[in-house]
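Per-entry structural report
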Amino acid sequence: MTDERRYEEDEVAQIFEEAATARGSQARALSPAGGLSLAELKAIGGEVGIAPERIADAAAAVDLRRGAAPRRTHLGLPIAVGRTVDLPRAPTDREWEMLVAELRETFAARGRDTSTGGFRAWNNGKLHAYVEPTEGGYRLRLGTVKTNAAAVGRLGVAGAVAGVALLGVILGTGGPVDDMGLAALITAVGSGFLGINAVRLPRWASERERQMEHIAARAQALVRADPEPRAIGEGA
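To start, this report covers the structure provided alongside it. Model, not experiment: these values are computed from the prediction. (Residues numbered from 1 in each chain as written. Predicted model: local features only at pLDDT ≥ 70, side-chain atom pairs only at ≥ 80, totals over all residues. Heavy atoms only, no water.)

**Structural notes on the overall build of the chain**
For the chain, the helix and strand inventory stands at six helices and six strands. Going from the N terminus to the C terminus, the chain shows its helices and strands as α-α-α-β-β-α-β-β-β-β-α-α. In the chain, which comprises 236 residues, the share counted as buried stands at 36%. Of the contacts formed within the chain by residues at least 6 apart in sequence, a portion of 66% connects residues at least 24 apart. Looking at the chain as shown, the accessible area adds up to about 13,300 Å², and 55% of this sits on carbon and sulfur atoms. (Helix = DSSP H or I, 4+ residues; strand = E, 2+ residues; numbered from the N terminus. Buried < 20%, exposed > 50% of the residue type's maximum accessible area, 1.4 Å probe, protein only. Contact = heavy atoms within 4.5 Å. Areas by Shrake-Rupley, 256 points an atom, 1.4 Å probe, with all protein chains shown as cover.)

Written out as structure tokens, the structure is:
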């Protein structure tokens, strides 16, 4: 049995902000040093007329955002994103099949189910979804990498630097004016590569994070505390 999740002061504020009723009711509660449990949050919400279901939904949303992995960047632009969500138990065969179907539909990719024993895994190139055991239960770990992003960025930097350096040499030595056009072209090509990354990578990262948040929410909805028939790798 795992310790009950405790919500810190900033998380408490987020939960009540999201759960506030259409009338604009707000609950402000200072979290004690040990945080507040979901039951305590529901009790506080009840005092100001916020339904327990709204508190639970808001807490689940905060938990999902908490599972977002830091973006890995190159030249200040995202090239890898991920998300982790805790699960109360391992998914059953049917639950995992349903989650794989959701992965394929969400990412428009067939991928490969490479599950073995009690380890669940779905891969599509660098995009992956793993169900792994933890000290307190299980977790779903999602992640992906934009494989060519760093290479395009390096080409861009190299082209821009080479073009500027060539232009400096031409101006410094009084070289042929015609060579300035070549220097400008090399600089423009390098800058173009950098521009491509600057436009596409933030959009790609935001879209993947949105998709992963959807999958995380779907996994939590599928894997309830009470299991269906036993999961892969568990005894009869």
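**As for a nonpolar patch on the surface**
On the surface, a cluster of nonpolar side chains totalling about 320 Å² of accessible area is made up of Leu75, Val157, Val161 and Leu194. With respect to the helices and strands, Leu194 occurs in helix 6 (residues 178–222). (Patch = residues over 30% accessible without salt bridge, like charges linked within 9 Å, V, L, I, M, F, W, Y side chains within 5 Å. Salt bridge = Lys/Arg side-chain N within 4 Å of Asp/Glu carboxyl O.)

**Describing the pattern of salt bridges**
Under the defined criterion, the tally for this structure stands at eight salt bridges. A salt bridge links Glu209 to Arg71; its shortest N-O distance comes to 2.8 Å. Highlighted residues: Glu209 in helix 6 and Arg71 in the loop between helix 3 (52–66) and strand 1 (72–74), separated in sequence by 138 residues. Glu209 gets classed as partly exposed once you look at its relative accessible area, which sits at 21%. A relative accessible area of 35% means that Arg71 is categorised as partly exposed. Linking Arg89 and Glu95 is a salt bridge whose minimum nitrogen-to-oxygen distance equals 2.9 Å. Just as Arg89 is buried, Glu95 falls in that class too. One network of salt bridges, in which partners are shared, links Glu132, Arg139 and Arg141.

In short, shape yes, function no, at least from these values alone.
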